[in-house]
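# Fold and contact review
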Amino acid sequence: MPPLSNLAVRDIETLVHPYTNLAALRDTGPLVLERGRGVFVYDSEGKAYIEGMAGLWCTALGYDNEELVEAAAAQMRKLPFGHLFTAKSHDPAIELAERLKEIAPVPTSKVFFCNSGSEANDTQVKLVWYMNNALGRPKKKKIISRLKAYHGVTVAAASLTGLPNNHLDFDLPITGILHAGCPHHYRFAHAGESEEEFARRLADELDALIRREDPDTVAAFIAEPVMGAGGVIVPPKGYFREVMKVCRAYDLYMISDEVICGFGRLGTMFGCTALDFEPHSISVAKALTSAYVPMAAVTVPETMYQAMLDESRKIGTFGHGFTYSGHPVAAAVALKALEIYARERITEQAARKAPQFQARLAALGQHPLVGEARGLGLVGAVELVADKRSKGSFDPKAAVGPRAVRFAEEEGLIVRFIVGDVLSICPPLIIAPAEIDELFDRLGRALDRTLDWATRERLMPA
Ligand SMILES: Cc1ncc(COP(=O)(O)O)c(C=O)c1O
């Protein structure tokens, strides 16, 4: 192991890193990034990497968009802070809410701003509770999410998240949050079950769960169109059609978590359009500002807004909001990002590049280490397995995913491993066709090196 740089040593002594093995970090140190350009980022030694994850599924416009920088600087000079509490307002927030209402994939009455995907989903939970109190059905409060869902880490959002590491030793989930089955055909379909049959079974299981819990107590269902951090899981054919039938039958409020899928990632402006379902509300974040500054939003349909009006009339205020809800600098950057998405036809561009991206991804399915290569639009993943035929996973202690990530970084590519040795790929939407090829060339070399290493370590069956 090479000696740690000065910055790396200072990092270890000062920072708590999210989603990091804090013990292992003390030996390996962090990868310290210094600057970015296009789809590339550069570390403190000057080495270039393709940012194959757009940061955390978010820097849609890459790393050197001057228009976004200018929008932030101009707003900072004009009104660097303004809030929306106690009937105050400012034009960037008003204009952004108008714009989001125009482009939202579902009828939207109002927009509520917050700062992160987690805050957006916590807000969704609170708005559902608030609405059902206003509507005189105080028992209808449970929210159904799904195993392997990722909806964030604040207390309610982490409870919605269906991943063990977000619950273990945090005393989560809170009561009233339920998890339905995960729509991953490769892992959870029965032998010989078609995608459509699997989708119908999941919907039947959802129906049974609701009836077991008592439909009068179940309020909402939340889903990512394509699951992201749970493993880039594309649902089986017909899944949302079947699930939406169940939601409608029990009058559930349906929330599409568009934090990753929103703004072009799947080749459509919003993920629910690609997956063909109509929620009542969406949560957006990340690419809303191309991640140059934090911002998120929740859309509110008219029926919910009317209920909120009643409730706030009764209580005297709508008692929810963040200091930075609708921050003018973030709103100005978001407005500029949305202008660029429309002007440069970023969604159409993503749709045009998707076949090349998905073909290169699918080809990795032939690799001896890859059990399944899957994706949609410009997002994908490869699931690494010890045994392709039995789909047997590696022992997590062997840390194959982290090793593959390290080889990829040596090859000049940033990818992420997520639960179960899944490597995810989600580059900036502006990636050029030649850069897509380069990304997959580098990933292929990293997988070859991982295979050599795993064979030497006798991690593969003989
Ligand atoms: C689908 C989804 N929802 C919510 C979140 C949480 O967002 P944040 O990390 O901004 O709180 C994420 C983050 O990756 C996400 O992918």
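What counts as what
Residues numbered from 1 in each chain as written. Predicted model: local features only at pLDDT ≥ 70, side-chain atom pairs only at ≥ 80, totals over all residues. Heavy atoms only, no water. Pairing = 2+ DSSP bridges. Helix = DSSP H or I, 4+ residues; strand = E, 2+ residues; numbered from the N terminus. Contact = heavy atoms within 4.5 Å. Axes fitted to C-alpha atoms, helices over the stretch in contact; angles between N-to-C directions. Salt bridge = Lys/Arg side-chain N within 4 Å of Asp/Glu carboxyl O. Buried < 20%, exposed > 50% of the residue type's maximum accessible area, 1.4 Å probe, protein only. Core = buried A, V, L, I, M, F, W, Y, C linked by side-chain atoms within 4.5 Å. Phe/Tyr/Trp six-rings, centres within 6.5 Å; stacked < 30°, edge-to-face > 60°. Parallel < 35°, antiparallel > 145°, perpendicular 65-115°, else oblique. Left-handed = near helix turned anticlockwise from the far one by under 90°. Nonpolar A, V, L, I, M, F, W, Y, C, P; charged D, E, K, R; others polar.

### Observations regarding the sheet that holds strand β3 (residues 48–51)
The strand order across the open sheet formed by four strands is β1-β2-β3-β13, and the pairing between neighbours is mixed. Of all the strands in the sheet, just β1 (33–37) and β13 (413–414) have a single pairing partner and so form its edges. By the bridge criterion, three bridges tie strand β2 (residues 40–43) to β3 in an arrangement that is antiparallel. Paired with Phe40 across the strands is Ile50, a residue of β3. Running at roughly 105° to β3, helix α16 (residues 433–456) makes contact with β2, β3 and β13 of the sheet.

### Describing the side chain of Thr123
On the secondary structure map, Thr123 appears in helix α6 (residues 117–134). Among all residues touching Thr123, those that are not within four sequence positions of it are Phe112, Cys114, Val298, His320 and Phe322.

### A closer look at the pattern of salt bridges
With the rule as written, the count across this model stands at 28 salt bridges. A salt bridge links Arg442 to Glu438; its shortest N-O distance comes to 2.8 Å. Here Arg442 pairs with Glu438, and both are found in helix α16, just four residues apart, close to one helical turn. When its relative accessible area of 14% is taken as the criterion, Arg442 is described as buried. A single network of salt bridges, built from pairs that share partners, joins Glu67, Lys336, Glu339, Arg343 and Glu344.

### Description of the nonpolar core
Counting 103 residues, the largest nonpolar core has Leu100, Phe221, Phe263 and Leu384 as the members making the most contacts within it. Apart from residues no more than four positions distant in its own chain, Leu100 is found in contact with Val111, Phe113, Phe263, Leu288, Ala297 and Leu338. By size, the runner-up hydrophobic cluster in this structure holds 25 residues, among which are Ala120, Ile255, Ala285 and Ala296.

### Side note on the packing of aromatic side chains
Geometry of an aromatic ring pair is reported as the spacing of the ring centres plus the angle between the planes. Counted according to the given criterion, the structure contains 10 aromatic pairs. Ring geometry for Phe81 and Tyr324: centres 6.1 Å apart, planes at 90°, overall edge-to-face. With Phe81 in the loop between α4 (66–78) and α5 (91–103) and Tyr324 in the loop between α12 (302–315) and α13 (328–343), this pair connects stretches of sequence that are 243 residues apart. Given the relative accessible area of 48%, Tyr324 is considered partly exposed. On the basis of an interplanar angle of 65° and a centroid distance of 5.4 Å, the ring pair of Tyr130 and Phe318 is categorised as edge-to-face. Of this pair, Tyr130 sits in helix α6 while Phe318 sits in the loop between α12 and α13, and the two are 188 residues apart along the sequence. Look at Tyr130 and you get buried, because its relative accessible area is 14%. Accessibility expressed as a relative area gives 26% for Phe318, which makes it partly exposed.

### A word on the packing of helix α14 (residues 346–363) against α16
The geometry of α14 relative to α16 is characterised by a closest axis approach of 10 Å and an angle of 15° between their N-to-C directions. The pairing of α14 with α16 is recorded here as roughly parallel in orientation. Classified by chirality, the crossing of α16 by α14 is right-handed. Contacts from Lys353, Gln356, Phe357, Arg360 and Leu361 of α14 reach α16 at Pro433, Ile436, Asp437, Phe440 and Asp441. Looking at the contact of α14 with α16 residue by residue, the class counts come to five nonpolar, one polar and four charged.

### Some thoughts on unusual backbone geometry
A cis amide bond links Leu172 to the next residue, Pro173, at an omega of 5°. With respect to the element layout, Pro173 can be found in the loop between α7 (155–160) and β6 (177–180). Phi is positive for Thr86, which is not a glycine, with a value near 40°. Along the polypeptide, Thr86 turns up in the loop between α4 and α5.

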